[in-house]
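Structural overview for review
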Amino acid sequence: MSATRYTYLGPAGTFTEAALRTLPEAGTRELTPVASVSAALDAVRAGEAAGAMVAIENSVDGAVTTTSDELINGSPLMIYREVLLPISFAVLVRPGTSLPDVKTVSGHPVAQPQVRHWLAANLPDAQWESAASNAEAARLVQDGRYDAAVAGAFAAELYGLEVLSDEIHDVASPTTRFVLAGRPGRVSSATGWDKTSMVVWLPEDHPGALLELLQEFAVRGINLMRIESRPTGEGMGNYCFLIDCEGHLSERRVSEALMGLKRICPQVRFLGSYPRADQGTSAPLRAGTSDLDFANAADWLSRCLDGRGEL
Ligand SMILES: O=C(O)C(=O)C[C@]1(C(=O)O)C=C[C@@H](O)C=C1
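Remember, it's a predicted structure, so these values are computed and weren't measured experimentally.

As for the domain arrangement of the chain
- Per the domain assignment, the segments making up the chain are domain 1 (5–86 + 175–182), domain 2 (89–165) and domain 3 (194–304).
- Here domain 1 and domain 2 have C-alpha centroids that lie 23 Å from each other.
- With 15 residues of domain 1 in contact, the opposing surface of domain 2 contributes 15 residues.
- Of all elements in the fold, only α1 (15–21) and β3 (51–58) reach the threshold of two or more residues within the side of domain 1 that touches domain 2.
- Here the side of domain 1 that touches domain 2 is built from residues that sort into nine nonpolar, five polar and one charged.

Quick notes on unusual backbone geometry
- Cis geometry marks the peptide bond from G10 to P11; its omega dihedral reads 0 degrees.
- Note on placement: P11 falls in the loop between β1 (5–9) and α1.
- One non-glycine residue, S173, lies in the positive phi region at around 50 degrees.
- On the secondary structure map, S173 appears in the loop between β10 (162–165) and β11 (175–182).

Remarks on the site of the ligand
- Lining the immediate environment of the ligand, one finds 15 residues, of which T14, T16, A55, H108 and S133 sit closest.
- Counting only elements with at least two residues in the shell around the ligand, the list comes to α1, β3 and α5 (134–142).
- Residues that form the shell around the ligand fall into these classes: eight nonpolar, seven polar and no charged.
- Residue assignment places the shell around the ligand across two domains, with domain 1 (5–86 + 175–182) and domain 2 (89–165) each supplying three or more.

Quick look at the pairing of strand β2 (residues 30–34)
- Across five bridges, β1 lies against β2 in parallel orientation. Within the sheet, the bridge partner assigned to R5 lies in β2 and is E30.
- Following the backbone out of β1, through α1 and into the adjacent parallel β2, one traces a crossover that is right-handed.

A look at the sheet that holds strand β15 (residues 267–275)
- Taken in spatial order, the four strands line up as β13-β14-β12-β15 in an open sheet, and their pairing is antiparallel. Of all the strands in the sheet, just β13 (224–231) and β15 have a single pairing partner and so form its edges. The sheet shows a mean angle of 15 degrees between the axes of neighbouring strands, direction not considered.
- As defined by bridge partners, strand β12 (residues 194–201) adjoins β15 across eight bridges and the pair is classed as antiparallel. If you follow D194 over to β15, its bridge partner there is P275.

Observations regarding the UniProt feature "domain: ACT" (unreviewed entry) in the chain
- The residues that UniProt annotates with the feature "domain: ACT" (unreviewed entry) are residues 198–275.
- The distance separating the terminal C-alpha atoms of residues 198–275 is 15 Å; by composition the span is 29% helix and 37% strand.

Points about the packing of helix α2 (residues 37–45) against helix α3 (residues 65–72)
- Relative orientation of the contacting elements α2 and α3 amounts to 25 degrees, with a least axis distance of 10 Å. Classified by the interaxial angle, the pair formed by α2 and α3 is roughly parallel. In the packing of α2 onto α3, the handedness of the crossing is right-handed. Side by side, α2 and α3 meet where V37, S38 and L41 of the first sit next to T66, T67 and E70 of the second.
- Residue composition of the contact of α2 with α3, grouped by class: two nonpolar, three polar and one charged.

Re the sheet that holds strand β6 (residues 89–93)
- Spatially, five strands are ordered β8-β7-β9-β6-β10 in an open sheet, and the strand pairing comes out mixed. A single partner strand is all that each edge strand has here, and the edge strands are β8 (127–130) and β10. Across the sheet, the axes of successive neighbouring strands diverge by a mean angle of 40 degrees, strand direction being ignored.
- Sheet topology places strand β7 (residues 104–107) next to strand β9 (residues 148–152); two bridges connect them, and they run parallel. Considered in β9, the bridge of S106 is made with A149.

Digging into the nonpolar core
- By size, the foremost hydrophobic cluster in this structure holds 84 residues, and its most contacted members are A52, V54, L92, A138, V141, A148 and A181.
- In this structure A52 touches Y6, T7, Y8, A40, L41, A43, V44 and A181, once residues within four positions along its chain are discounted.

What counts, and at which threshold
All residue numbers refer to positions counted from 1 along the written sequence of the respective chain. Local features are withheld for residues below a pLDDT of 70 in this predicted model, meaning they are given only at 70 or higher, and side-chain atom pairs are given and counted only at 80 or more; totals for whole chains, interfaces and linings count all residues. The split into domains, and so the bounds of each, comes from an automatic or database assignment of domains. Two residues form a contact once the distance between their C-beta atoms, set from the backbone, is within 7 Å. Each helix is a run of H or I in the DSSP string that is no shorter than four residues. Each strand is a run of E no shorter than two, and both are numbered from the N terminus. We call Asp, Glu, Lys and Arg charged. Ala, Val, Leu, Ile, Met, Phe, Trp, Tyr, Cys and Pro are nonpolar, and the rest, Gly among them, are polar. Residues are counted as near a molecule or strand when the C-beta atom, derived from backbone positions, lies within 6 Å of that molecule or strand. A pair of strands counts as paired when DSSP detects no fewer than two bridges linking them. When the strands point away from the viewer and the path from the first strand over the helix to the second turns clockwise, the crossover is right-handed. To define axes, lines are fitted to C-alpha atoms, for helices over the stretch in contact only, and angles between the resulting N-to-C directions are given on a 0 to 180 degree scale. UniProt positions are given in the numbering used here, feature names are shortened, and annotations may be inferred rather than shown by experiment. Here the word oblique covers every angle except those under 35 degrees (roughly parallel), over 145 (roughly antiparallel) and from 65 to 115 (roughly perpendicular). A crossing counts as left-handed when the near helix is turned anticlockwise from the far one by less than a right angle, and as right-handed when that turn is clockwise. As used here, a nonpolar core is made of buried Ala, Val, Leu, Ile, Met, Phe, Trp, Tyr and Cys residues. They are joined through C-beta atoms within 7 Å. Partly exposed residues are those whose C-beta has more than 12 but fewer than 20 other C-beta atoms within 10 Å; with 20 or more the residue is buried, with 12 or fewer it is exposed, and the C-beta atoms are placed from the backbone.

Right, dumping it as structure tokens:
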């Protein structure tokens, strides 16, 4: 087990690596590129890494479903940090390539919807080829496999490529949200500007089932920040929900909402309470004014979790 290793979707030059490098402790960690989001999280599950940085949602394309499914299924993981990274895509080519030479263009599947209109207008006949990451696409262009890659401009130098066009994204200021996931453990203390994530499986299908679930937050005045449904895989129409809400587990209203969900839902998976990366406009809680102190919250957690992160 490497307590100092963090894994990320590689190779070098991905946005995920850029997100990881924004963490203050990045300089003292061994940052290890791996081939996929699943491999990054598997290394954490196997105890080979202390954390994995993974993309979880994009402001243009929505959920990164591989990450959602990893957090929902398999042995539980917890989110310890989040990073919001502005994304800027460029077209990278081997030196000397011009736009009419580009017959194939490669990138991560999440990148494609963010540059669709630019590609249709500027490379209408080029064939799109999905790659495991944007930096992997750049590496494949260096190898001569594809003519162009959609990636961060910063990847050009790493792979001996040139920036043919920069800032090609269709929507201004796309942002990707990344999270640092680790094995379930100590929840860091409340900062006063926190977020809590969970997965909730719907109670038996009946009118108002989703409303009942949402009421656990509404009656306690807890603001929801995200609700994303994912199929459970158990037949058509069966969904679970990835939910982010404002606040920290150590606030009584948040822990009570989780216990309320536990009463009405067949399964609840606590995914962590961690500092928010956004500079939101709602009034922050004052740090240190939580209803429960951290020791109580940790105690509450250990009583409620069955040792695997499940409530
Ligand atoms: O980290 C990278 O560079 C990736 O290729 C992954 C990823 C993602 O999965 O969302 C990261 C950010 C961009 O929005 C597009 C792709």
